[in-house]
Amino acid sequence: MVLKVSFSFVLIVLLSSTFSSAHPGLNWGGGGGGGGGSGGYGGDYFGLLPEFYQYSCPQANDIVMSALEKAILREPRMAASLLRLHFHDCFVQGCDASVLLDDSATIASEKRSNPNRNSIRGFEVIDEIKAKLEEECPQTVSCADILALTARGSTILSGGPDWEVPLGRRDSRTASISLSNRDIPPPNSTLQNLVNFFNRQGLDEVNLVALSGSHTIGVARCVSFRQRLYNQNEDNRPDETLERSYYYGLTSVCPRSGGDNIISPLDLRSPRKFDNSYFKLILGGKGLLNSDEVLLTGNGGRTTELVKSYAEDEGLFFNHFAKSMVKMGNISPLTGSNGEVRKNCRRIN
Ligand code: HEM
């Protein structure tokens, strides 16, 4: 009995919110050094733990999942929008929920940056989840962790893979519109640009191709792919890698000028299902964004092979996707006594 109590005590202390990233011995997956540092590669999990809320809020993931189910039933696209939010959070000063902050006296909201304006969405669902969590476990579950759990939940509910989400991120007290403009790759990127954007975050080519597989769900606006239809190389001609009938279909919904916000599915075969058809479509010249197409034809060698492998083997894609999501989710989190647990994801406490 005594042994049991003291064991639980040790566990609670280990998992409590004061748990610090400065815990050099704690990493798993092999290869990593200690906590802290910049977006590490190779099992450096910064002291995040899947069991972080095991005692302080064991129902956290159930709350996330039940809100998500309702939200996705109301609007199926929401799964895609929420998955993307985690990406746009992590690539800008780390996974710290900076993307959720509204404008205020001290905050220039990232929501106004070029990649985000008129584009990222899902904030009301995050608000709903946060409100419920605050009712049941006040000031315990961070907004950054909500984004990580929501990204996984959205993937699962769309038919994609499951994985263990390391938790214990804390929320920033700052946002950066300039980093948001700088660090999120634009859709007309070359392959080399994409690789550089990902390398800067400690992510490699496998992560780039696997995570781009998120484009198996959701949509893009005409303004994000227009250049491919009308002026790919400043020569008033379309991108010649576009399959002909797909190209004609796209020109009928995305005019040369105007209609910026008209949307098209990123995966026209199964836009609501998380599967590997995105990669099959790329092989057939039916990837929507330039950044999708160049994974195949951008002279990458490695990325070309990966697109082909994922198109052939959905299990391999799911496996690499799950691992890459964990790695992306570990980009420079705030832990220990850094940052805070916001009460409302839209503003600092
Ligand atoms: C590789 C570089 C990437 C580029 C250049 C890129 C670019 C884009 C663009 C331009 C859109 C459409 C936005 C609009 O037109 O409003 C989009 C949508 C989307 N992106 Fe990416 N993306 C990339 C990687 C990722 C990653 C890593 C994820 C997630 C892990 C992701 C998830 C999504 C999702 C799910 C959508 C659909 C969102 C919705 O329907 O609301 N993307 N992306």
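- As recorded in an unreviewed UniProt entry, the protein chain goes by Peroxidase and comes from Kingdonia uniflora.
- According to its UniProt record, the protein chain has this under Sequence similarities (unreviewed entry): "Belongs to the peroxidase family. Classical plant (class III) peroxidase subfamily."
- As recorded by UniProt, the Subcellular location (unreviewed entry) comment attached to the protein chain reads in full: "Secreted".

## A word on the nonpolar core
Moving on, step 1. Core analysis: the largest hydrophobic core is formed by 69 residues, its most contacted members being Val64, Ile129, Ile146, Leu147 and Val307.
Moving on, step 2. Element by element, the count of residues in this core is highest for helix H3 (residues 78–90), at eight residues.
Moving on, step 3. Not counting residues within four places of it along the chain, the set of residues in contact with Val64 comprises Ile129, Ile146, Leu149, Thr150 and Gly153.
Moving on, step 4. Core analysis: the second largest hydrophobic core is formed by six residues, Phe225, Leu250, Cys254 and Leu288 among them.

## What to know about the site of the ligand
Moving on, step 1. Residues in close proximity to the ligand total 26 residues, the closest being Ser119, Ser214, Gly218, Ala220 and Arg221.
Moving on, step 2. Mapped by element, the contributors of at least two residues to the shell around the ligand are H3, helix H8 (205–212) and strand S1 (219–221).
Moving on, step 3. In terms of residue count, H3 provides more of the shell around the ligand than any other element does, five residues in total.
Moving on, step 4. Considering only residue class, the shell around the ligand consists of 13 nonpolar, nine polar and four charged.
Moving on, step 5. Counting the residues that make up the shell around the ligand, at least three belong to each of domain 1 (60–184) and domain 2 (191–325).

## Comments concerning the UniProt feature "site: Transition state stabilizer" (unreviewed entry) in the protein chain
Moving on, step 1. In the UniProt entry, the feature "site: Transition state stabilizer" (unreviewed entry) is given for Arg84.
Moving on, step 2. In this fold, Arg84 is placed in helix H3.
Moving on, step 3. The exposure class of Arg84 is buried, given the 22 C-beta atoms found within 10 Å.
Moving on, step 4. When residues no more than four places from it in sequence are discounted, the contact partners of Arg84 are Ile120 and Gly218.

## Notes on helix H9 (residues 222–230)
Moving on, step 1. Residues of H9 that are buried: Ser224, Phe225, Arg226, Arg228 and Leu229.
Moving on, step 2. The inward-facing, buried residues of H9 abut S1, helix H10 (244–253) and helix H12 (290–297).

## With respect to the packing of helix H4 (residues 123–136) against helix H5 (residues 143–157)
Moving on, step 1. Two elements in contact, H4 and H5, have axes whose closest approach is 11 Å; the angle formed by their N-to-C orientations is 115°. Two packed elements cross with a definite hand, and for H4 against H5 that hand is right-handed. Of the residues in H5, those touching H4 at Ile126, Ile129 and Lys130 are Cys143, Ile146 and Thr150.
Moving on, step 2. Residues that form the contact of H4 with H5 fall into these classes: four nonpolar, one polar and one charged.

## Focus: the packing of H3 against H5
Moving on, step 1. Close contact between H3 and H5 brings their axes to 8 Å; oriented N to C, the two are set at 140°. Taken as axis vectors, H3 and H5 run oblique relative to one another. With respect to the hand of their crossing, H3 and H5 are arranged in left-handed fashion. Facing Ala79, Leu82, Leu83, Leu85, His86 and Asp89 of H3, the residues of H5 in contact are Ala144, Leu147, Ala148, Thr150, Ala151, Ser154, Thr155 and Leu157.
Moving on, step 2. The class makeup of the residues in the contact of H3 with H5 is nine nonpolar, four polar and one charged.

## Points about H4
Moving on, step 1. Across its 14 residues, H4 extends 20 Å between first and last C-alpha, which sits within 8% of the 20 Å expected from 1.5 Å per residue.
Moving on, step 2. Of all the positions in H4, only Val125, Ile126, Ile129, Lys130 and Leu133 are classed as buried. On an axial view of H4, the arc spanned by its buried residues comes to 135°, and they lie on one face. Structural note: H4 exposes Glu124 and Glu135 on the side pointing more than 90 degrees away from its buried face.

## Some thoughts on unusual backbone geometry
Moving on, step 1. The phi angle at Gln139 is positive, at roughly 45°, despite the residue not being glycine.
Moving on, step 2. Here Gln139 shows up in the loop between H4 and H5.
Moving on, step 3. Classification of Gln139 as partly exposed rests on a count of 13 C-beta atoms within 10 Å.
Moving on, step 4. Within the chain, Asn236 stands out as a residue other than glycine whose phi angle is a positive 60°.
Moving on, step 5. Note that Asn236 resides in the loop between H9 and H10.
Moving on, step 6. On the neighbour-count criterion, Asn236 (9 C-beta atoms within 10 Å) is exposed.

Conventions used here
- Residues numbered from 1 in each chain as written.
- Predicted model: local features only at pLDDT ≥ 70, side-chain atom pairs only at ≥ 80, totals over all residues.
- UniProt positions renumbered as here; feature names shortened; annotations may be inferred.
- Core = buried A, V, L, I, M, F, W, Y, C linked by C-beta atoms within 7 Å.
- Buried ≥ 20, exposed ≤ 12 C-beta atoms within 10 Å, placed from the backbone.
- Helix = DSSP H or I, 4+ residues; strand = E, 2+ residues; numbered from the N terminus.
- Contact = placed C-beta atoms within 7 Å.
- Near = placed C-beta within 6 Å.
- Nonpolar A, V, L, I, M, F, W, Y, C, P; charged D, E, K, R; others polar.
- Domains from an automatic or database assignment.
- Axes fitted to C-alpha atoms, helices over the stretch in contact; angles between N-to-C directions.
- Left-handed = near helix turned anticlockwise from the far one by under 90°.
- Parallel < 35°, antiparallel > 145°, perpendicular 65-115°, else oblique.
- Expected span 1.5 Å × (residues − 1).
- Arc of directions from axis to C-beta.

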